[in-house]
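The primary structure of each chain is shown beneath.
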Amino acid sequence: ACQHSVRSERPLYDQVGGEAGVAAVVDGLLHRVHGDSRLNGLFETTDLEDLRRLVNEQLCEALGGPCVYSGRSMEDAHSGLAITDQEFDWFVEHLVAAMNHAGVQSKHQSAILAVLGPMRPQVVGQ
Ligand code: HEM
């Protein structure tokens, strides 16, 4: 694909349904992670409403939406948690399930994973 056709696309944020589309994915993701006994111990002291707001903000910004992420860096947010690659993979599985449930098209799912995947080294092992 030539650069021009890429640039003329609407932001991924709009293509997945904007604020409501992102919120549906984030709600589904956090719900699934919170219900997973392999992962939910990590969130014992976390303010889930804050987390929900910040993850929405960050995804919005990362997908080219109008938001400005106001949270901590990925390294700082996950520091002290010693998250493993295995835990990151489980988290991504929940993300895919949440995207499927929210009806996100597979080409958009791939694009979202391509944005979040590179954050792995900032999340794992901090
Ligand atoms: C690319 C993947 C990820 C993204 C984009 C992401 C995003 C975020 C954001 C935006 C915050 C809030 C930052 C703040 O408080 O300022 C956060 C916090 C947190 N994340 Fe992630 N995260 C990811 C992966 C993971 C994984 C794999 C886990 C664990 C399995 C995890 C566990 C947590 C926990 C426990 C907190 C709250 C820490 C606290 O209470 O201070 N995150 N994450």
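Each value, and the rule that gives it
Residues numbered from 1 in each chain as written. Predicted model: local features only at pLDDT ≥ 70, side-chain atom pairs only at ≥ 80, totals over all residues. pLDDT = per-residue confidence, 0-100. Helix = DSSP H or I, 4+ residues; strand = E, 2+ residues; numbered from the N terminus. Buried ≥ 20, exposed ≤ 12 C-beta atoms within 10 Å, placed from the backbone. Near = placed C-beta within 6 Å. Nonpolar A, V, L, I, M, F, W, Y, C, P; charged D, E, K, R; others polar. Axes fitted to C-alpha atoms, helices over the stretch in contact; angles between N-to-C directions. Parallel < 35°, antiparallel > 145°, perpendicular 65-115°, else oblique. Left-handed = near helix turned anticlockwise from the far one by under 90°. Contact = placed C-beta atoms within 7 Å.

### Considering the confidence of the model for the protein
Consideration 1: Averaged over every residue, the pLDDT of the protein is 95; the share at 70 or more is 94%.
Consideration 2: The complex prediction reports pTM at 0.94, with the ipTM value standing at 0.97.

### Description of the environment of histidine 34
Consideration 1: Structurally, histidine 34 can be placed in helix 3 (residues 18–34).
Consideration 2: Taking the C-beta count within 10 Å as the criterion, histidine 34 has 14 such neighbours and is therefore assigned partly exposed.
Consideration 3: Along the primary structure histidine 34 and glutamate 44 are separated by 10 residues, whereas in three dimensions their C-alpha atoms are 9.6 Å apart.

### Things to note about the site of the ligand
Consideration 1: Neighbouring the ligand are 21 residues; Thr46, Gly71, Arg72, Ala77 and Phe91 lie closest to it.
Consideration 2: Those elements giving two or more residues to the shell around the ligand turn out to be helix 4 (48–62) and helix 6 (85–101).
Consideration 3: With 4 residues, the single largest contributor to the shell around the ligand is helix 4.
Consideration 4: Looking at the shell around the ligand residue by residue, the classes come out as 14 nonpolar, 5 polar and 2 charged.

### A few points about the packing of helix 3 against helix 4
Consideration 1: With their axes 10 Å apart at the nearest point, helix 3 and helix 4 run at an angle of 135 degrees to one another. Considering the angle they form, helix 3 stands oblique to helix 4. As helix 3 packs across helix 4, the resulting crossing turns out to be right-handed. Contact residues: helix 3 offers Val22, Ala23, Val26 and Leu30, while helix 4 offers Leu48, Leu51, Arg52, Val55, Asn56, Leu59 and Cys60.

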